[in-house]
Amino acid sequence: MGNSSVPIRAARVCALSLLAAAAAFAQSIPPDLEKRLADLDKATKSAQMSGDNAWMLTSAALVLMMTGPGLALFYGGLVRRKNVLSTMMHSFILMAVVTILWAVVGYSIAFAEGTPIFGDLRYAFLRGVGAAPNADYGATIPQQTYMIYQLMFAIITPALISGAFAERMKFSAMMLLTALWSLVIYFPMAHMVWGKGGLFNASLGGKIPAFDFAGGTVVHITSGVSALICALYLGKRLGYPHESMRPHNLVLSTVGACLLWVGWFGFNAGSAVNAGSLATSAFVATHFGAAAAALGWMFAEWLHSGKPSMLGAISGCVAGLVAITPASGFVQPFPAILIGAAAGVVCFLMVTAVKKKFNYDDALDAFGVHGIGGTLGAILTGVFATKEINDVYSGKPMGWIDGNFGQVLNQLAAVAVSWVLAIVGTWIILKICDATVGVRAAEQDEVEGLDLSMHGEEGYTLEA
Amino acid sequence: MKKIEAIIQPHKLEDVKEALKSIGVDGMTITEVRGHGRQKGHKEVYRGMEYQVDLLPKVKIEMVITDARHDEVIRTLTAAARSGKIGDGKIFVYDVADAIRIRNDDRGEAAL
């Protein structure tokens, strides 16, 4: 015992002194440590918020750049010189019109909770949309950032339609049409797909969950199908197709298409609503889709018409960007290439063979590129979506490639609703516009060119 | 005085200008024009829409010279503008009634 008592006592003393030290530590450090932990937590959150917010504000600016100058140049170059300003004006003025609508009711209809079809008016006049994040949409950015980011989508969507009615619609009718269209079609459609509790919202309680990362249904099907309705309702441009309606400046269109390509990174990668790896994945898919589609269209045209054209290459690139939009946050890089290549070829056939067969005048092919590219992309999203990229179903299979064929059917349901809403809604709106201000420019005004007859100015003057 | 109106291929303009300068002709007016004679146009295709483009870009040179230089100028101009293919263009020659230098009222050949 005598021999063993020394180490035991020593151990006891040691343990006691350790306990005492720990007790002293626990008494003196805790308030400080807790505060430091809290500070650290705050600093980490603030750093993440700064990072995410920086990317989302950049993305918002990139998406606005797609409308002006991107789309304004792309479309502006495709029309005849007497209509260049009126066509650019369609895109530009929507940057103002939709902004005001968005602030008054648009954001609320799209993103407030409400019915599965549209949101209530809790955010009307942007009430309560400030620095605090809305965790349903983006926990690490101010809701105001999310609001301004989504506004840029609401701007470009009606601007896309203008490609169908270019060169022959009255400016007053265009203003009324796009304002009503935003209220009746875009805001509810955005709510159904992205709003909390929306019918198709896959991550926020939708009854028929469909995947639409950045707007295949919301942006491209609605605008593209509505474009077809506008083209059919308005009728052909005077002199179409026997008079020359060659694009007056493909240099402008090429610059515009390149701006669209770059801006689309904000559109798709920004739709991750943070600056994390999902944004990277969407960025990569977007770029690959665009590249494959430019090649797809170009080679199809090369085989079909004998020459690979600049207009073909840029049209293909836009078609690919359209098709990859819904899929961008759900698919691997190689499926993105497949989706892009398919869109390039299919949209080429649409605007050449199919348009010729049915003989409608979709002046700048808003339907052929956005309606068809958007539909193709929305369906292929159901095929190629994978939980490896974006685990929306918490470990369960996502698309057909994961073994969930049902997703393709959900995508088809979302596609069908978008088509029906766009067809019926746009037809009614056109009737209203026709009964009030009249939609089609007077024959003399159309012959003279809308720049002079609607706006009293010319894009190119000899003397100046 | 003669007015020479030459419609030539745009890419021959530099050669023609150099040649005329080398024989001392230094006044001329150039216009970018479109037109065609026997040269056939070409086909352009935009998203499947085919257009036959008959009016091709040309350059029109106008100048007024003294009667004495007429042959020399025509010879120089045709030699410089000729490639031997259809589409090289044409030269038209007109008599000129008078010429006036706006700056100082010089008249006739003195105004050239």
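Before reading on, note that the structure itself is shown above.
Now for a quick tour of the structure. (Residues numbered from 1 in each chain as written. Chains lettered and ligands numbered in written order. Predicted model: local features only at pLDDT ≥ 70, side-chain atom pairs only at ≥ 80, totals over all residues.)

### Details of the overall build of chain A
For chain A, the count of helices and strands is 14 helices and zero strands. Scanning chain A from its N terminus toward the C terminus, one meets helices and strands in the order α-α-α-α-α-α-α-α-α-α-α-α-α-α. Oriented by its inertia axes, the alpha-carbon framework of chain A measures out at about 120 × 50 × 50 Å. Out of the 464 residues belonging to chain A, those deemed buried represent 53%. Across chain A, contacts joining residues at least 24 apart in sequence account for 75% of those joining residues at least 6 apart. (Helix = DSSP H or I, 4+ residues; strand = E, 2+ residues; numbered from the N terminus. Buried ≥ 20, exposed ≤ 12 C-beta atoms within 10 Å, placed from the backbone. Contact = placed C-beta atoms within 7 Å.)

### Observations regarding the overall build of chain B
Along chain B, the regular secondary structure elements total two helices and six strands. When the elements of chain B are put in sequence order from the N terminus, they spell out β-α-β-β-β-β-α-β. Based on the C-alpha atoms only, the size of chain B along its principal axes is roughly 60 × 30 × 20 Å. Of all 112 residues assigned to chain B, the portion counted as buried reaches 14%. For chain B, the proportion of contacts with a sequence separation of at least 24, taken over those separated by at least 6, is 73%.

### Details of the interface of chain A and chain B
Taken together, the contacts link 13 residues of chain A with seven residues of chain B. When contributions to the side of chain A that touches chain B are tallied by element, the ones reaching two or more residues are helix 9 (310-327) and helix 10 (333-358) of chain A. At three residues, the largest contribution of residues to the side of chain A that touches chain B is made by helix 10 of chain A. A breakdown of the residues in the side of chain A that touches chain B according to their chemical character gives four nonpolar, five polar and four charged. (Nonpolar A, V, L, I, M, F, W, Y, C, P; charged D, E, K, R; others polar.)

### Description of the sheet that holds strand 1 (residues 2-8) of chain B
Residues and elements named next belong to chain B. The sheet built from four strands is open, its strands ordered 2-5-1-6 with antiparallel pairing. Every interior strand has two partners, whereas the edge strands, strand 2 (29-35) and strand 6 (89-95), have only one. If you compare each strand with its neighbour and ignore which way they point, the axes differ by 20° on average. Sheet analysis places strand 1 next to strand 6, joined by seven bridges and oriented antiparallel. Opposite Lys 2, over in strand 6, you have Asp 95 as the bridge partner. Across the sheet, helix 2 (residues 70-81) lies against strand 1, strand 5 (56-65) and strand 6, angled at about 5° from strand 1, the strand it touches most. (Pairing = 2+ DSSP bridges. Axes fitted to C-alpha atoms, helices over the stretch in contact; angles between N-to-C directions.)

### Description of helix 10 of chain A
The end-to-end C-alpha distance of helix 10 of chain A, which contains 26 residues, comes to 36 Å, matching closely the 38 Å that a straight helix rising 1.5 Å per residue would cover. Directly after helix 10 of chain A, the chain includes A:Asn359, whose backbone phi takes a positive value near 55°. (Expected span 1.5 Å × (residues − 1).)

### Quick word on the pairing of strand 5 of chain B
All names here are of chain B. With seven bridges joining them, strand 1 and strand 5 adopt antiparallel strand pairing. By the bridge assignment, Ile 4 is partnered in strand 5 with Met 63. Relative to strand 5, strand 2 runs antiparallel, the two sharing seven bridges. Bridge pairing links Arg 34 to Pro 57 in strand 5.

### Section: the packing of helix 4 (residues 143-165) of chain A against helix 5 (residues 171-194) of chain A
All names here are of chain A. Their axes nearest at 10 Å, the elements helix 4 and helix 5 cross at an angle of 120°. Where helix 4 crosses over helix 5, the two elements pack in a sense that is right-handed. Facing Ala 154, Thr 157 and Pro 158 of helix 4, the residues of helix 5 in contact are Thr 178, Trp 181, Ser 182 and Tyr 186. (Left-handed = near helix turned anticlockwise from the far one by under 90°.)

### Regarding the environment of A:Leu64
All names here are of chain A. Here Leu 64 lies in helix 2 (residues 30-78). Taking C-alpha positions, Leu 64 is 10.0 Å from Leu 260, a pair spaced 196 residues apart along the chain. With sequence-adjacent residues up to four places away left out, Leu 64 is seen in contact with Met 95, Met 152 and Ile 155.

### Focus on the nonpolar core
Judged by nonpolar contacts, the single largest core of 149 residues is most densely connected at A:Ala164, A:Leu260, A:Ala293, A:Ala327, A:Ala343 and A:Cys347. Tallying contributions element by element places helix 4 of chain A first for this core, with 15 residues. Those residues in contact with A:Ala164 that sit more than four places away from it in its chain are A:Ala227, A:Leu228, A:Cys230, A:Ala231, A:Asp362, A:Ala363, A:Ala366 and A:Phe367. One finds B:Ile8, B:Val16, B:Leu20 and B:Ala81 within the second-largest nonpolar core, a separate group that totals ten residues. (Core = buried A, V, L, I, M, F, W, Y, C linked by C-beta atoms within 7 Å.)

### Remarks on unusual backbone geometry
Looking along the chain, the bond that leaves A:Gly68 and enters A:Pro69 is cis, with omega of 10°. Following the sequence through the fold, A:Pro69 ends up in helix 2. Cis geometry is found at the peptide bond from A:Tyr240 to A:Pro241, where omega equals 0°. Along the chain, A:Pro241 falls in the loop between helix 6 (216-234) and helix 7 (250-269). In the Ramachandran plot, A:Phe125 falls in the positive-phi region, its phi being about 55° despite a non-glycine side chain. If you trace the backbone, A:Phe125 turns up in the loop between helix 3 (84-111) and helix 4. One non-glycine residue, B:Asp105, adopts positive backbone phi at about 65°. Within the fold, B:Asp105 resides in the segment after strand 6.

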